[in-house]
Amino acid sequence: MRYSTLSVLIPVPRSVTENGEKLFFRSLRFFRSFSEKSLAAQEKLVSFFAYVGNPLSEGGPEEPCQILFQPDPQLRKEEWKIRITSEKIEIFSGGEPGFSYAAEALMQMLFASLREGPREAWLDGGEIFDAPRFSYRGFMLDPARHFQSVATVKKVLSLLAAFRINTFHWHLTDNQAWRLESAIVPELAGKGTLDGGFYTKEEVREIVSFAAKNHIGIIPELDMPGHSGKILSAHPELACDSSHPGSEYCLGNPQSREFIKRLLDEIMELFPESRIIHLGGDEAETSAWEKCPRCLASLKEKKLKTMRELENAFMTDMTRYIVSCGRTPMMWGTCSGQVYPKDTVLQAWLDIREPLRIAPHGNKVVYSVHTSLYFDYPASPAEPQESWMFELTEKGVYMTDPFILWEKELANVMLGPEACLWTETVPDWRILPKLLPRLSAYGECAWSENSKKDYYDFARRKAYLEAAGYYEYLRK
Ligand code: ACM
Ligand code: ZN
């Protein structure tokens, strides 16, 4: 069985038209670019052609080039078009990401055509146009519970790029570890963790630049006021009870705010291009605050009734600081129905109605509801799991739609989805096995139009690319 090479793509594109022509693989020798924005795309294709034993060279004006990169001012930067005739392949885009996404698509088509080797391999002719459904297509990785090496992080980033994920949320701090080299808490990095891992500033810069080359923006997260056990072990004076610092900053201690602002300054300097800074805000416990004289005094002074209101005031201050630095704050949605300033992006993770509760307040929403997009959850019963975990199969991920039933209600606030890989049960060497089988399904959920999605057709395309050796190439 041979499928048209125009019908193997993941994520499924917006539109495909066939023209009945064939372009033989053996005729492909030279490429030529008419856009400086196609550099990353060219590199991808050059590596691919070397891998399949038909090195591709950059051709000059005299060469009969068969792959041409053309700028197209009608297309946005993530949009792309490929036109294939019996003579040539033309790749059009309005920007760097679009050219790279087209190169990824072309590689999938070439893998499909090359299943029996290059001799008679051909691409089916036609035209493909593609554009994203969501502008925000995120993925979160948690190096705090288990550390990932720089090599693993880069591998993850290149896999994300292959499936058009454009946002990498990096959960760098938690109770278990503080994974950043820091001039403010130099004693913390890598200390007291089984794996000893942390990222030096140099390594962070290397990862930031690698991500940028893959058209991926990074959202660094500094989790607060809960999930802060590690940093409070070094600065117990910033907890309510310094002899039992626990996981929460003291909200009534003015030093907490000043200290966190300095940490945020350091993070913003390390991530100069990060438009969004994530402040955490999830799962803080109120019990230490309830017993703390400073927190109780602060509650009274601010004329607030509950510790949740005090937490809200504290986190609102932090969001104002981020805004004053010219960035956009982001937080996990809260269990307790707190409202945050409209310019704060909220990440819905608790239940499918959370975006509906946020929408009337006007905050932009990122959709990460755990039952649909927590990649730490087992894809099969054989995988490690904790009592809080649901099973999350590839099909479950595929069926995810950030709008659920409420496209009308959420249209103005929904930025897009973000899959999250927490690592309580995932050491470095299991990151790829957790990520890759479900990533294609997630890519289609984040990129493709709902009306184009069909799980069984997706399963066919995936099996076909798998059998053609495409996923082996990605794993390398
Ligand atoms: C979360 O899963 N605590 C955001
Ligand atoms: Zn306190």
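Below is a short write-up of the structure. This is a predicted model, so every value here is computed, not measured.

### A short note on the nonpolar core
Then step 1. Grouped together as the largest cluster of nonpolar side chains are 144 residues, with contacts concentrated most on Ile67, Phe139 and Leu264.
Then step 2. Residue contributions to this core peak at 11 residues, all from helix α2 (residues 96–113).
Then step 3. Apart from the residues lying within four places of it in its own chain, the contact partners of Phe139 are Val156, Leu160, Ile165, Thr167, Phe168, His169, Phe375, Glu418, Ala419, Leu421 and Leu435.
Then step 4. Within the second largest apolar cluster, 7 residues are counted, among which are Tyr136, Met330, Val345 and Val366.

### A few points about the coordination of the zinc ion (ligand 2)
Then step 1. The protein atoms that coordinate the zinc ion (ligand 2) are Cys240 (SG), Cys250 (SG), Cys292 (SG) and Cys295 (SG), at distances spanning 2.3 to 2.4 Å.
Then step 2. Of note is the zinc ion (ligand 2), whose 4 donor atoms meet at the metal with angles of 105 to 116° in an arrangement that counts as tetrahedral.
Then step 3. In terms of primary sequence, the donors binding the zinc ion (ligand 2) are separated according to C-x9-C-x41-C-x2-C. Separated by 45 residues along the polypeptide, Cys250 in the loop between α5 (229–234) and α6 (254–270) and Cys295 in helix α8 (residues 293–301) bring together distant segments of the chain.
Then step 4. Look at Cys295 and you get buried, because its relative accessible area is 0%.

### Brief notes about the state of the cysteines
Then step 1. All chains considered together, the criterion is met by 0 disulfides.
Then step 2. Note on Cys420: no disulfide assigned, nearest cysteine sulfur contributed by Cys445 at a separation of 12 Å.
Then step 3. A residue is classified by how much of its surface remains accessible, and Cys420, at 0% relative accessible area, is buried.

### Concerning the packing of helix α14 (residues 431–447) against helix α15 (residues 455–467)
Then step 1. The N-to-C vectors of α14 and α15 enclose an angle of 130°; their axes lie 11 Å apart at closest approach. Taken together, α14 and α15 sit at an angle that is classed as oblique. Where α14 crosses over α15, the handedness of that crossing is right-handed. Counting all contacts with α14, which are made through Pro437, Ser440, Ala441 and Glu444, the residues of α15 involved are Phe458, Arg461 and Lys462.
Then step 2. When its residues are assigned to classes, the contact of α14 with α15 shows 3 nonpolar, 1 polar and 3 charged.

### With respect to the pairing of strand β7 (residues 122–130)
Both faces of the sheet carry side chains from a regular strand, because those side chains alternate between them.
Then step 1. The pairing of strand β1 (residues 15–24) with β7 spans 7 bridges and is antiparallel. Counterpart to Thr17 in the pairing with β7 is Glu127.
Then step 2. Here strand β5 (residues 80–84) pairs with β7 via 5 bridges, running antiparallel. The partner of Arg83 across the bridge, within β7, is Glu127.

### Comments concerning the side chain of Ser100
Then step 1. Inspection of the secondary structure assignment puts Ser100 in helix α2.
Then step 2. A residue is classified by how much of its surface remains accessible, and Ser100, at 1% relative accessible area, is buried.
Then step 3. Excluding its chain neighbours within four sequence positions, the residues that come into contact with Ser100 are Ala40, Ala41, Lys44 and His215.

### Comments concerning the sheet that holds strand β3 (residues 57–58)
Then step 1. Strand order in the open sheet made by the 7 strands is β1-β7-β5-β6-β4-β2-β3, with mixed pairing throughout. Edge positions in the open sheet fall to β1 and β3, since each of these has one partner strand only.
Then step 2. Two elements, β5 and strand β6 (residues 89–93), share 5 bridges in a ladder whose sense is antiparallel. Pairing of Trp80 across the sheet is with Ser93, part of β6.
Then step 3. Those strands touched by helix α1 (residues 39–51) are β2 (30–33), β3, β4 (67–71) and β6, and its axis lies near 170° from that of β4.

Cut-off values and rules
- Every chain is numbered independently, its residues counted from 1 as its sequence is written.
- Lettering for chains starts from A, numbering for ligands starts from 1, and both go in the order in which the items are written.
- Side-chain atom pairs in this predicted model are given and counted only at pLDDT of 80 or more, local residue features only at pLDDT of at least 70, and totals for whole chains, interfaces and linings cover all residues.
- Neither water nor hydrogens contribute to the side-chain values; these are computed over all heavy atoms in the structure.
- Definition of nonpolar core: a set of buried residues of the types Ala, Val, Leu, Ile, Met, Phe, Trp, Tyr and Cys, connected through side-chain atoms within 4.5 Å.
- Only protein chains enter the accessibility calculation, which uses a 1.4 Å probe. A residue is then buried if its area is under 20% of the maximum for its type, exposed if over 50%, and partly exposed in between.
- Helix and strand assignments come from DSSP, with helices taken as H or I runs of at least 4 residues and strands as E runs of at least 2, each series counted from the N terminus.
- Note on contacts: a residue pair is in contact if any heavy atoms of the two residues lie within 4.5 Å.
- Any nitrogen, oxygen or sulfur atom within 2.8 Å of a metal ion counts as a donor, with the limit raised to 3.2 Å for Na, K and Ca, and since water is left out, coordination shells can look unfinished.
- Geometry assignment treats four donors as tetrahedral when all angles are between 85 and 135 degrees, treats four as square planar and six as octahedral when opposite donors are over 155 degrees apart and all others between 65 and 115, and treats everything else as irregular.
- Note on disulfides: each one is a pair of cysteine sulfur atoms within 2.5 Å.
- For helices, the fitted axis covers only the stretch in contact; all axes are lines through C-alpha atoms, and the angles between them, taken along N-to-C directions, range from 0 to 180 degrees.
- Oblique is the label for any angle not under 35 degrees, not over 145, and not in the 65 to 115 range, which are roughly parallel, roughly antiparallel and roughly perpendicular in turn.
- Take the far helix as the reference: if the near one is turned anticlockwise from it by less than a right angle, the crossing is left-handed, and if turned clockwise, right-handed.
- Three classes are used, and their members are as follows: Ala, Val, Leu, Ile, Met, Phe, Trp, Tyr, Cys and Pro are nonpolar, Asp, Glu, Lys and Arg are charged, and the others, Gly among them, are polar.
- Strands were regarded as paired on the criterion that DSSP finds at least two bridges between them.

Any link to function would need more than the numbers given here.
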